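Okay, here's what each chain looks like letter by letter:
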Amino acid sequence: MQNSEAFDYIIVGAGSSGCVLANRLTASGRHRVLLLEAGPNNRHPWLHIPLGFGRLFNNRRFNWCYQTEPQPECHNRRIIAPRGRVLGGSSSINGLIYIRGQAEDFNIWRQLGNAGWSFDEVLPYFRKAEDNERGADQFHGVGGPLAVSDLCDRHPLAEAFVEAALQSGHPRNDDFNGSIQQGAGYYQTTMRNGVRSSTAGGYLRPARRRANLKVVSEALATRIVFEGRRASGIEYLAGNEERRARANAEVIVAGGAFNSPQLLQLSGLGPASLLQSHGITVVADAPGVGDDLNDHISGRIMLRCKEAITLNDAVRTWSGKVAAGLRYGLTRRGYLTIAALTAGCFLRTRPSSATPDVQCSIALYSGDLIGGMPHPFSGVTGVCTLLRPESRGYVRIKSADPRESPAINPNYLATAKDRETIVEGVKVLRRIFQAPAMARHIAEEIEPGPQCVSDDDLLDFIRRCGSTTYHPVSTCRMGNDATAVVDQRLRVRGLAGLRVVDASIMPAVVSGNTNAATIMIGEKGADMILEDAAAATQVSAAA
Ligand SMILES: Cc1cc2nc3c(=O)[nH]c(=O)nc-3n(C[C@H](O)[C@H](O)[C@H](O)COP(=O)(O)OP(=O)(O)OC[C@H]3O[C@@H](n4cnc5c(N)ncnc54)[C@H](O)[C@@H]3O)c2cc1C
């Protein structure tokens, strides 16, 4: 690593957690940090306008646009697997829903042996991150870098959905991130005054003024360099130029659930047979690297509406687009501020479930393809997400070339329980759409349609049309069993100077959306890194 620029910490990936780390590790001024991001800067307007998420699904400039391997339980379909590839990572292109998960999710992490990760122990980090426009309370914080707001506008169809859920017997819930998750209500979102709050905006922008932070975008980390069993730096590609940087303290991998295990495998950490089959020298035979991929799958029903008040109607004509643009420009309100989903209901499909096992939501648009053109008629989508999928898959390199996509196999619907729960969930979702408050707006269900009645038919529909909710985790799983990749302080087990701090460390996916929990992991990870640095300084001062 001679002749390479030296830093204390090198962070790979400027996503939800990478930007948090860059901010917190540079705040004291004591540590020099390099932040590498494969994607470009985040200046494009669609990265800031909330509705931009719909424009970025297929945008190869800001999105890795991955696809899964053929899914055996989904008629061998390849399913889209978008990921942010830009400053802010997936927090710059996501659907803006702010849901942390259930307290029980984190208590299970703790019960699996991960000391420090119970809900009571992670709650302070959720609060620290947050600037909730509703103000502070036991569960919420103000003054943090992540703006959390109510929707700018309450749409009549979202009102109707909540009312219909109440009519179907579900309780009202005005705060899904409060004492209880169950019930129906509106989502809060990561935006403020009609503008997206990504980690690039909230955390990275203020930190970039600091002289001790160097940010290099359009820089693909290709290999972690080891000296013995200590990570000592990074090799990366800036354009076609190969560069190296030295990390005197640590390399921190924050590339997300697909790219973090890919980088570890490319660097010689992973299943030995996989690495050897690609001619990669094995640094550590770590069979768990890339294993256990866990993701949310959804069933999506589509309904034609009676009134021309859906997003489909607003964007169908040039005059509608201009009106929405003008309204946004003048007031920061209107259709351009809608999030991917507006209102929802967390519920238990069976009495034996201790906590909600599905999330049902309404989206104010419909279309044949996710991220494609909306239908040429008024339509909405009902989304049912399986909250605690048992199915697990993997991420594995397909080549030693870091520019080549890894094989991504979430193994959706692999267990009978997953299949049964999502079928029950879609049935409940349909009942909400059939309740009087919603039914008066609906002309007909177009997908799967009234002919689809039996459980077998519904399951076949989900196999045919089900898709991800974009929450892959667990490919560098935290734990203390033989195949866990990181320990409870997020250090890669068996190696020195190397951590993984991003969504990939979650032992299992949380029962909600994953951005908030990943930002929490970034906050907690930064604290642990700084504590360990302080302890190391004390030891060397005493010696
Ligand atoms: C389309 C979409 C919609 C979503 N909707 C929601 C939602 O509404 N609410 C919610 O809570 N969550 C949502 N999520 C999920 C949430 O955004 C992610 O779980 C979270 O952002 C993951 O954070 P991360 O830090 O693990 O990875 P990311 O935020 O994906 O960041 C990883 C970063 O590392 C970079 N990188 C990767 N490899 C390298 C390398 N080798 N060298 C350099 N840089 C590298 C990537 O380009 C990326 O910028 C959505 C995600 C997507 C994709």
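This structure is a prediction, so every number in the text was calculated from the model and none was measured. (Residues numbered from 1 in each chain as written. Predicted model: local features only at pLDDT ≥ 70, side-chain atom pairs only at ≥ 80, totals over all residues. Heavy atoms only, no water.)

1. Re the overall build of the protein
Phase 1: Each helix and strand in the protein was counted, giving 13 helices and 26 strands.
Phase 2: Computed over the C-alpha atoms, the radius of gyration of the protein is 23 Å, within 12% of the 24 Å expected from 2.2 N^0.38 for a compact globule of 543 residues.
Phase 3: When its C-alpha atoms are laid out on the principal axes, the protein stretches across 75 × 50 × 45 Å.
Phase 4: Accessible area of the protein: about 20,600 Å², with a carbon and sulfur share of 49%. (Helix = DSSP H or I, 4+ residues; strand = E, 2+ residues; numbered from the N terminus. Rg over C-alpha atoms; globule rule 2.2 N^0.38 Å. Areas by Shrake-Rupley, 256 points an atom, 1.4 Å probe, with all protein chains shown as cover.)

2. Topic: the site of the ligand
Phase 1: Taken together, 37 residues form the shell around the ligand, and within it Ser16, Glu37, Ser90, Thr514 and Asn515 come nearest.
Phase 2: In this structure, Ser16 approaches the ligand through a side-chain N or O atom, which is 2.6 Å from an oxygen atom.
Phase 3: A distance of 3.1 Å separates an oxygen atom of the ligand from a polar side-chain atom of Asn94.
Phase 4: Here the ligand, which alone exposes 1,000 Å², has 97% of that area covered by the protein.
Phase 5: For the shell around the ligand, the secondary structure elements donating two or more residues are helix H1 (16-26), strand S12 (219-227), helix H6 (256-266) and helix H13 (515-542).
Phase 6: Element by element, the count of residues in the shell around the ligand is highest for S12, at three residues.
Phase 7: Residues belonging to the shell around the ligand are distributed by class as follows: 15 nonpolar, 18 polar and four charged. (Near = heavy atom within 4 Å. Polar contact = N/O pair within 3.5 Å; in protein donor to acceptor, adjacent residues only side chain to side chain. Nonpolar A, V, L, I, M, F, W, Y, C, P; charged D, E, K, R; others polar.)

3. Here's the deal with the nonpolar core
Phase 1: By size, the foremost hydrophobic cluster in this structure holds 80 residues, and its most contacted members are Trp117, Ile224, Leu264 and Leu498.
Phase 2: If one sorts the elements of this core by residue count, H13 sits on top with nine residues.
Phase 3: Leu498 has contacts with Ile224, Phe226, Ala231, Val251, Val253, Leu264, Leu269, Leu490, Arg491 and Val492, leaving out every residue within four places of it along the chain.
Phase 4: Counting residues in hydrophobic clusters, the runner-up holds 67 residues, among them Met191, Leu336, Cys345 and Val426. (Core = buried A, V, L, I, M, F, W, Y, C linked by side-chain atoms within 4.5 Å. Buried < 20%, exposed > 50% of the residue type's maximum accessible area, 1.4 Å probe, protein only. Contact = heavy atoms within 4.5 Å.)

4. Some points on the environment of Asp527
Phase 1: For Asp527, the location among the structural elements is in helix H13.
Phase 2: Not counting residues within four places of it along the chain, the set of residues in contact with Asp527 comprises Tyr125 and Lys128.

5. A few points about unusual backbone geometry
Phase 1: With an omega dihedral of 0°, the bond running from Glu447 to Pro448 counts as a cis peptide bond.
Phase 2: Mapped onto the fold, Pro448 is located in the loop between strand S24 (442-447) and helix H12 (455-465).

6. A few points about the packing of aromatic side chains
Phase 1: The full count for this structure, using the stated rule, is 11 aromatic pairs.
Phase 2: Joined through ring pairs, the aromatic side chains of Phe106, Trp109, Trp117, Phe119 and Phe126 make up one cluster.
Phase 3: The ring of Phe377 has Arg304 sitting right over it, with the charged end atom 4.2 Å from the ring centre.
Phase 4: The positively charged end of Lys321 is found above the aromatic ring belonging to Trp318, 4.6 Å away from the centroid. (Phe/Tyr/Trp six-rings, centres within 6.5 Å; stacked < 30°, edge-to-face > 60°. Lys NZ or Arg CZ within 6 Å of the ring centre and 35° of its normal.)

7. Some remarks on the sheet that holds strand S8 (residues 188-189)
Phase 1: What the three strands build is an open sheet, ordered S5-S6-S8; its pairing is mixed. Each edge of the open sheet carries a strand with a single partner, namely strand S5 (130-132) and S8.
Phase 2: Direction of pairing for S5 relative to strand S6 (residues 146-150): parallel, over a ladder of three bridges. Along S6, the bridge assignment pairs Asn132 with Val148. (Pairing = 2+ DSSP bridges.)

8. What about the environment of Arg333?
Phase 1: Checked against the element boundaries, Arg333 lands in the loop between helix H9 (318-331) and strand S19 (343-347).
Phase 2: By relative accessible area, Arg333 is classed as partly exposed at 35%.
Phase 3: Distance from Arg333 to Val195, taken between C-alpha atoms, is 9.7 Å for residues 138 residues apart in sequence.
Phase 4: Arg333 has contacts with Cys152, Asp153, Arg327 and Tyr328, leaving out every residue within four places of it along the chain.
Phase 5: At a separation of 3.2 Å, a polar atom in the side chain of Arg333 contacts the side chain of Asp153.

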